[in-house]
Amino acid sequence: MSNLLATLTSASGTLEAYGRMLETSQNNISNASTPGYAKQRLELYALPFDPAGGVTGGVRAGTLVSSRNEFAEQAVRQQSSGLGYQQQLVDSLTSVQSNFDISGQQGIPKALNNLLQSFSAWGATPDNQAARETVVQRATDLAQAFQQSSNNVSAQARDAEQQIGQTVDQVNQLVSQIKGYNQIAMQGNKSDSGLSSNMHAAVEQLATLVDVNATFQSDGTVNLMLNGETPLLLGADQFKISSSLYQPQEPPPINANAPANVRIQASDGSDITTKTTGAQLGALLHLRNQILPSLIGDGYQPGDLNVMAKQLADRVNQLLTSGNITDGPPAQPGVPLFTYDATNATNTAASLAVDPAVTPDQLAAISPGPPEVSNGVPLAMSALASPVQDADKVNGVSYSQFYGQLAGRVGTALNDATNYKDVQQSLLSQAKDLRQQYQGVSLDEEATILMQFQRAYQANSKFISVLDQLTQSAIDILRV
């Protein structure tokens with residue numbers, strides 16, 4: 001009789017273990033699509049079995065074990081940072097490239113070509129008033145094209161500044177959210193699968209914004225380090241980062257009135273800009289502090305748009321002032337056509353304009369020589385289209401070639417970012433697939449487990465029913 005009761009007790013314990021196993025599998029199925037969730041398994045332990053000694057065996061449910069693999073998680077975070085960087089560059093450079101047309105149908109290339117053609121037409125009829133008026137109009141169009149391109153790039157720089165500020169705010173908000181998860185874990189909830197899922201999903205989202213190292217602790221909390229050096233979160237202590245505009249002073253800037261750069265500061269005020277190179281924030285900093293200044297300048301460079309505008313304006317003005325409007329007597333010297341802000345090398349393109357005081361009949365066509373050439377100045381200016389002399393070039397190439405190199409640099413950067421983005425997408429997919437193999441929920445596997453333990457549960461229930469009948473029969477016999 002005692003053996004029957006012991007066996008019945010063992011069977012009921014088995015039912016409880018199987019029930020918990022079914023609950024675990026059902027929880028996995030319910031969270032199959034939950035961001036950050038890692039499947040769980042309930043450990044089962046066989047109990048001692050010795051029929052001769054009256055030990056009936058059975059099974060006991062152990063602890064829940066998470067299949068989470070932090071190496072796989074870190075690999076996904078690293079590739080997420082890489083994709084965030086390249087995706088941000090593609091988005092930003094696509095907008096920048098739209099300012100630099102190389103088809104010659106609009107913008108600076110079209111205006112420059114039209115101006116050079118107007119020089120040639122004027123050279124053919126140097127005394128023609130309409131030809132002179134066309135030169136002034138085409139020069140005005142070119143100046144406006146430089147202004148528009150410069151203003152557009154400056155606007156994109158301001159947009160980048162705003163995006164950097166917004167990204168920094170997002171980082172601080174996400175870290176604050178993860179800090180809340182840490183506080184919950186510290187209250188004794190370190191084994192909460194839902195908490196772990198939320199925490200890992202938030203850290204993965206953070207990795208697309210900044211290059212972050214996450215170290216999970218035994219108490220269920222996570223420590224976050226920006227760029228592997230700067231603390232963002234240690235336990236329940238958050239360290240916020242910030243962004244601001246500043247003008248570097250070491251080495252002393254060449255252009256004191258140039259646009260300021262953007263810097264990132266740690267919570268202690270230290271400058272961590274040069275260390276912030278990954279993910280979306282790193283891409284935005286690269287765009288704002290390096291790519292755009294190469295076009296419109298900063299404290300240490302004038303920017304290629306300004307270089308081109310200044311060289312062109314100076315050369316045209318030089319040729320015009322070297323000639324005469326009339327040969328007199330006395331000879332009337334020519335006047336400069338273009339004006340710009342000479343006090344700020346980074347403002348040349350934005351301020352380039354045709355002097356409103358200049359009238360078409362003040363354009364000097366006569367080259368005094370010797371020998372004197374009645375159309376010498378417009379002929380010299382038309383030579384800017386295919387320059388031979390170094391004075392007619394900008395950085396050793398023609399103006400069209402210089403602009404083509406400038407636009408080509410932006411296009412190459414965009415093409416590279418697009419190619420790298422595709423590579424990063426592939427790497428991220430591989431990392432996620434590997435993580436899925438380690439810790440993802442397989443519905444087919446869970447269905448098999450459900451069927452297996454459902455049948456085992458049914459069989460054990462039947463066994464208990466039989467034991468109950470035997471026990472009742474034994475009790476009836478003892479009553480007789």
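Located above this text is the structure these notes cover.
It should be emphasised that the depicted structure is a prediction, and the values quoted were computed from it without experimental measurement.

Please provide a residue-by-residue account of the packing of aromatic side chains, values included.
Following the criterion strictly, the structure yields one aromatic pair and no others. Consider the rings of Phe100 and Tyr403, whose centres lie 6.2 Å apart with planes at 50°: the pair is tilted. One end of the pair, Phe100, is in the loop between α2 (70-97) and α3 (107-124); the other, Tyr403, is in helix α11 (residues 399-439), and 303 residues separate them in sequence. Under the relative-accessibility criterion, Tyr403 is labelled buried at 4%.

So what's going on with the sheet that holds strand β6 (residues 222-226)? Residues and values would help.
Judged by pairing direction, the sheet is antiparallel, and its four strands sit side by side in the order β5-β6-β7-β8 without closing on themselves. Each edge of the open sheet is held by one strand with a lone partner, namely β5 (212-216) and β8 (237-238). In this structure, strand β7 (residues 230-234) lies alongside β8, joined through two bridges in antiparallel fashion. Bridge pairing links Leu233 to Gln238 in β8. Sheet strands touched by helix α5 (residues 193-209): β5 and β6. Its angle to β5, the strand with the most contacts, is close to 160°.

With reference to specific residues and values, describe the packing of helix α8 (residues 304-322) against α11.
The angle between the axes and the distance between the axes are what describe a pair of packed helices. At a minimum axis distance of 11 Å, the contact between α8 and α11 shows a crossing angle of 170°. Looking at the two axes, α8 sits roughly antiparallel to α11. Contacts from Asp304, Leu305, Val307, Met308, Gln311, Leu312 and Arg315 in α8 reach Tyr399, Phe402, Tyr403, Leu406 and Arg409 in α11. Split into classes, the residues belonging to the contact of α8 with α11 amount to eight nonpolar, one polar and three charged.

Could you give an account of the environment of Asp219, with specific residues and numbers?
Residue placement: Asp219 occurs in the loop between β5 and β6. Given a relative accessible area of 32%, Asp219 falls into the partly exposed group. Taking the C-alpha atoms as reference points, Asp219 and Gln187, separated by 32 residues in sequence, lie 9.5 Å from one another. Sequence-distant contacts of Asp219, that is, excluding residues within four places in its chain, are made with Ala185 and Lys190. One polar contact links Asp219 to Thr221, side chain to side chain, over a distance of 2.6 Å.

Parameters and conventions
Residues numbered from 1 in each chain as written. Predicted model: local features only at pLDDT ≥ 70, side-chain atom pairs only at ≥ 80, totals over all residues. Heavy atoms only, no water. Phe/Tyr/Trp six-rings, centres within 6.5 Å; stacked < 30°, edge-to-face > 60°. Helix = DSSP H or I, 4+ residues; strand = E, 2+ residues; numbered from the N terminus. Buried < 20%, exposed > 50% of the residue type's maximum accessible area, 1.4 Å probe, protein only. Pairing = 2+ DSSP bridges. Contact = heavy atoms within 4.5 Å. Axes fitted to C-alpha atoms, helices over the stretch in contact; angles between N-to-C directions. Parallel < 35°, antiparallel > 145°, perpendicular 65-115°, else oblique. Nonpolar A, V, L, I, M, F, W, Y, C, P; charged D, E, K, R; others polar. Polar contact = N/O pair within 3.5 Å; in protein donor to acceptor, adjacent residues only side chain to side chain.

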